[in-house]
Amino acid sequence: MKRNYDVVVIGAGPAGLAAATTCGNARAKTLLLDEQPAPGGQIYRSIERPAIADREVLGPDYYRGEALVRALRQSPIEYVSSASVWQVTAEREIGVSVSGNSRIVNAKHVIIATGAQERPFPIPGWTLPGAMTVGAAQILLKKSGIVADGAVFAGTGPLLYLTARQYIRAGAKVTAVIDTTPARNYRRALSQGLGALSGFKYLRKGWRWIREIKAAGVPVIGGVAELRVRGEECVSGIEYRSNQHWTTLQTEHVFLHQGVVPNINLTMSMRCEHAWCDRQMCWRVVTDAWGGTSLPGVMVAGDASDIGGAVSAQHRGTLAALRVLQRLALIDKRTRDSAAAPHLKVLTAEHRFRLFLDVLFTPDEQFIEPQDRQTLVCRCEEVSAERLRETIAVGCQGPNQLKSFTRCGMGPCQGRLCGLTVGQMLATQLARPMADVGYYRLRQPVKPIALGELAALAQPEAAATAPASYSKVMSS
Amino acid sequence: MFRYLQGCRGQRPSVAITIDGVATEVPADETLAAAMLQSGRLDLRITPIGGKPRSAYCMMGVCFECLVTVDDQPNQQACMTPVRPGMRVERGRP
Ligand SMILES: Cc1cc2nc3c(=O)[nH]c(=O)nc-3n(C[C@H](O)[C@H](O)[C@H](O)COP(=O)(O)OP(=O)(O)OC[C@H]3O[C@@H](n4cnc5c(N)ncnc54)[C@H](O)[C@@H]3O)c2cc1C
Ligand code: FES
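As a further point, take the overall build of chain A. Looking only at helices and strands, chain A features 17 helices and 24 strands. The principal-axis extents of the C-alpha atoms in chain A amount to approximately 65 × 50 × 40 Å. Taken over 476 residues, chain A has a buried fraction of 60%. Roughly 19,100 Å² of accessible area belongs to chain A as shown, and the carbon and sulfur atoms make up 51% of that amount.

All names here are of chain A. For the structure on display, the rule yields 3 cavities of 30 Å³ or more. Space inside the largest cavity adds up to approximately 160 Å³. Lining of the largest cavity is provided by 14 residues; of these, Tyr161, Tyr202, Gly206, Ile210 and Phe361 occupy positions nearest its centre. Of the residues forming the lining of the largest cavity, the biggest block, 7 residues, is contributed by helix α8 (residues 195-215). Residues that form the lining of the largest cavity fall into these classes: 10 nonpolar, 2 polar and 2 charged. Here the second largest cavity is characterised by a volume of approximately 100 Å³. What lines the second largest cavity is a set of 13 residues, among which Val261, Pro262, Ile264, Leu420 and Tyr439 lie closest to the centre.

The next subject is the packing of helix α10 (residues 309-327) of chain A against helix α11 (residues 333-360) of chain A. Residues and elements named next belong to chain A. Between α10 and α11, whose axes approach to 9 Å, the crossing angle comes to 155°. It follows from the interaxial angle that α10 and α11 lie roughly antiparallel. Like other packed secondary-structure pairs, α10 and α11 cross with a definite hand, here left-handed. Contact with α10, carried on its side by Gly309, Val311, Ser312, His315, Arg316, Thr318, Leu319, Leu322, Arg323 and Gln326, involves Lys333, Arg336, Ala339, Ala340, His343, Leu344, Val346, Leu347, Glu350 and Arg354 of α11 and no other residues of that element. A per-class count over the contact of α10 with α11 returns 8 nonpolar, 6 polar and 6 charged.

Residues and elements named next belong to chain A. Spatial ordering of the open sheet is given by β13-β14-β15, a layout of 3 strands whose pairing is antiparallel. The sheet terminates laterally at β13 (226-230) and β15 (245-250), the two strands that pair on one side only. Across the sheet, the mean angle separating the axes of adjacent strands is 20° when strand polarity is ignored. Pairing of strand β14 (residues 237-242) with β15, which is carried by 6 bridges, proceeds in the antiparallel orientation. Bridge pairing in β15 places Gly237 opposite Gln250.

How each quantity is defined
Residues numbered from 1 in each chain as written. Chains lettered and ligands numbered in written order. Predicted model: local features only at pLDDT ≥ 70, side-chain atom pairs only at ≥ 80, totals over all residues. Heavy atoms only, no water. Helix = DSSP H or I, 4+ residues; strand = E, 2+ residues; numbered from the N terminus. Buried < 20%, exposed > 50% of the residue type's maximum accessible area, 1.4 Å probe, protein only. Areas by Shrake-Rupley, 256 points an atom, 1.4 Å probe, with all protein chains shown as cover. 1 Å grid on protein atoms, 1.4 Å probe; cavity = no way out; pocket = protein on both sides within 12 Å on 5 of 7 lines; lining within 4 Å. Points joined across faces, edges and corners; volume = space filled by probe spheres on them. Nonpolar A, V, L, I, M, F, W, Y, C, P; charged D, E, K, R; others polar. Axes fitted to C-alpha atoms, helices over the stretch in contact; angles between N-to-C directions. Parallel < 35°, antiparallel > 145°, perpendicular 65-115°, else oblique. Left-handed = near helix turned anticlockwise from the far one by under 90°. Contact = heavy atoms within 4.5 Å. Pairing = 2+ DSSP bridges.

The following block contains the structure:
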């Protein structure tokens, strides 16, 4: 790694791969950083060395990543894996940690392509060992070929059936798929005008998948309005309510999912402008059509700015790169605009389809805000829904005040698993819109780094000899 | 119980590590969290307040439920840490 770059791209998923490759191929001095050991991001994880040989298991969408990663390997850019970015300042000084050593690199332009995370799913028992996200189960499958037999998949969103089907195709036994998509969502989604046509095709594919899942002897249970994961020290089962009737399934593994939301910790901590999106029920960084944020030289692309899926992420990565290349005077405006046109066309169609998906997979309120009093909202600091409601009732006005009263959001995950829930609870109880309630005030570093790493940064000559003090630095 | 699909474990050589002082063979080229889960160790840490066991929840570095001590460094994310021969792992305790 050098000290200065024209462009630093953070994240090697479809958005970051497209952005970095486009920049590198136009001879911008480009650095691509990703905390994973290999390129591909979430969708194309381990694409260069898939754990599973049979291509039917993960399906053709997964293998689209091969061409993207090949293009990266052929492009003259510097790619550093296992590189965790813990800071980006408004002056575009990037703090990055690689195998326990940190350094600062400077960029004329930064493209943040850090992707999405799964939406919190605060239901009773979601903290029990044996309960994990559907994405986590899929990561074990893609990267390692590891599965758990007898699992129950529960929730809503494209990843639910996709992963259940991958599991079955891989030869794992699945106990059931529990679908919490509210029935009214289907009607609403199909009335989405232009998006409904591609939406209808998607539904047909979805029905085929469900048929395949059922044909494997796996029950698909719809119309579920309440869920509880059961167990004392670990998961022993899951209970669901449908038509006022509770049913229990025995299982040691529950995989939960209700969509993905942008990974906002980095852009929030940089004080980029953000806005609440009602349709996707999440906070989003505010960008122009190219992905430019409120900070000069800082672009955001892919699911990190707006959930659009892998195809959209790739095109938006290219757009951000074209804008940067023009700013660096490596291409002129005309070249930029003609190169951008085909990408914009694809994005228009993708966006219509996304409107359909957003409506279809809007999670129901009771899965967003815990109904049960004992349910933990903040997993790190073990703060229950009841504790939060009591604190709001005595006059707490916002997420930051709630944090200082209850420690909710103060733990190592820096609010990633409670921020949205807390906002929603405040909005309901205070009868205020989410945009008004706001979000935690986040600070850097956004990833944990050892004190020794920081000390070594401050005194570079002592870096080699500094005794590492290993307590972690995390601001709250 | 997590398990390898047929043909997926064989490709990976084993490395020796210790978990809570017990010598264990785990597959190389895995994250510590994946290696521990597939060897049947679901609970990776005990919470400081309620004393409850927790396991890896997201496997992608977001939730911090997988914090363990590696070679005397506390609070390492097991899902982001590759296994290395001779690694000493202690499950997270308050
Ligand atoms: C767990 C999970 C599984 C998914 N699986 C699928 C799937 O199978 N099919 C599908 O169509 N969609 C899937 N998605 C949706 C997915 O978000 C998009 O399809 C697509 O991957 C988005 O591309 P992206 O480039 O915007 O971000 P991503 O592909 O998420 O890439 C972001 C990259 O940034 C890196 N990163 C994040 N923060 C930092 C940091 N601070 N420092 C360094 N690197 C960082 C990450 O390691 C990651 O590689 C999944 C999402 C999640 C969360
Ligand atoms: S399992 Fe979530 S951070 Fe490791």
